[in-house]
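Okay, here's what each chain looks like letter by letter:
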Amino acid sequence: MEPVFRVVVIVLGVLIALAALGWLGLNIPPRPFPAYPQPTPELTTVPLPADLPEPVARYYRLVFGDRAPLITSAVISGRASVRPAGPTLPARFRFTHQAGQNYRHYIEVTFFGLPVMKVNEHYIDGQARFATPGGLVENEPKIDMAANLGLWGESVWLPSIFVTDPRVRWEAVNATTARLIVPFGETEEAFSVTFDPDSGLMRYAEALRYREATDEEKILWRIEPLGWQRLHGVLIPTPAAVIWMDQGTPWAIFSIEEVVYNVDVSDYIRATGP
């Protein structure tokens, strides 16, 4: 074998081995986070409002019946595939919510099941603070606005807040669509929510949202259920895809493995880490 050809064969072999190793590392899922140490207490319920648009009322009768649980907080844990840039990466996450007020995101992107990148994000008292390996983002009004929409979008996992929070209202559009109006400081934002005409379940919720602090215009952003599971008597979407519609494919798919409702998260939501 000629020396040059031998070198080429060796290099190709090394590249193939590295590609196979990388593929393997990206296909080993992380272990789930340990169970949250506090259990969900018995949930108090209230009657479903009588004035909801018909597709909304039908949806909520499927989600929890004629009575809505009063949810004040949620700790949502699971695993995900994320695509911040380039290939799809495995991850595990824990999202903490003070319902309709504040949230904290903790995400670990993994390789061979081990953390290689950690993301800590807060939206507290109307201000967002995102700490990632790419740097720190805070004191950015467009990101605050985007985080507020993220707060309400993720509330599909504590869905009764959309019928129990007096700041939130639904507006009828047609037989399969309704507008969801949510607060943002002294103003309001809106989602368009589309329901499946056959099953009655939500097909997707979308809103115009800033992606970066430097964006001149908002981008259509969608949350799309890919399945459903009942936890604590509440039917929630899981897995669920999050899509920037200018990209056309999900940047993340979240699979919920544990939800704990109505526990004290006043300190936990201001912490960092899992």
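For the structure itself, look to the data block above.
Note that the structure is predicted; figures quoted are calculated from it, not measured.

Q: Before we move on, can you summarise the overall build of the protein chain with the specific residues and values?
A: Across its full length, the protein chain holds four helices and 17 strands. By residue count, 47% of the 274 residues in the protein chain fall in the buried class. A separation of at least 24 residues holds for 52% of the contacts in the protein chain among residues at least 6 apart in sequence. Surface exposure of the protein chain reaches about 13,600 Å², of which carbon and sulfur atoms provide 57%.

Q: Explain the packing of aromatic side chains to me, and be specific about the residues and the numbers.
A: Evaluated as defined, the whole model comprises 18 aromatic pairs. Ring centres 6.2 Å apart and planes at 35° place the aromatic pair Trp 152 and Phe 162 in the tilted group. Here Trp 152 is found in helix 3 (residues 141-154), whereas its partner Phe 162 is found in helix 4 (residues 161-164), with 10 residues between them in sequence. In terms of burial, Trp 152 and Phe 162 fall into one category: buried. The ring of Tyr 268 has Arg 104 sitting right over it, with the charged end atom 4.5 Å from the ring centre. The cationic tip of Arg 211 hangs over the ring face of Trp 244; the distance from NZ or CZ to the ring centre is 5.2 Å.

Q: So, helix 2 (residues 54-64): which residues are in play, and what are the values?
A: Every buried residue belonging to helix 2 is among Pro 55, Val 56, Ala 57, Tyr 59, Tyr 60, Val 63 and Phe 64, and all of these are buried. Looking one or two residues past helix 2, Gly 65 carries a phi angle of roughly 90°, positive in sign.

Q: Before we move on, could you go through the pattern of salt bridges and cite the residues and values that matter?
A: Considering all chains together, one arrives at 14 salt bridges under this definition. Asp 125 is the salt-bridge partner of Arg 270, the closest N and O atoms lying 3.7 Å from each other. Taken together, the residues span a long stretch of sequence, with Arg 270 in the segment after strand 17 (250-261) and Asp 125 in the loop between strand 6 (114-124) and strand 7 (127-132) at a distance of 145 residues. A single salt-bridge network, built from bridges that share partners, covers Arg 169, Glu 171, Arg 179 and Glu 188.

Rules of the game
Residues numbered from 1 in each chain as written. Predicted model: local features only at pLDDT ≥ 70, side-chain atom pairs only at ≥ 80, totals over all residues. Heavy atoms only, no water. Helix = DSSP H or I, 4+ residues; strand = E, 2+ residues; numbered from the N terminus. Buried < 20%, exposed > 50% of the residue type's maximum accessible area, 1.4 Å probe, protein only. Contact = heavy atoms within 4.5 Å. Areas by Shrake-Rupley, 256 points an atom, 1.4 Å probe, with all protein chains shown as cover. Phe/Tyr/Trp six-rings, centres within 6.5 Å; stacked < 30°, edge-to-face > 60°. Lys NZ or Arg CZ within 6 Å of the ring centre and 35° of its normal. Salt bridge = Lys/Arg side-chain N within 4 Å of Asp/Glu carboxyl O.

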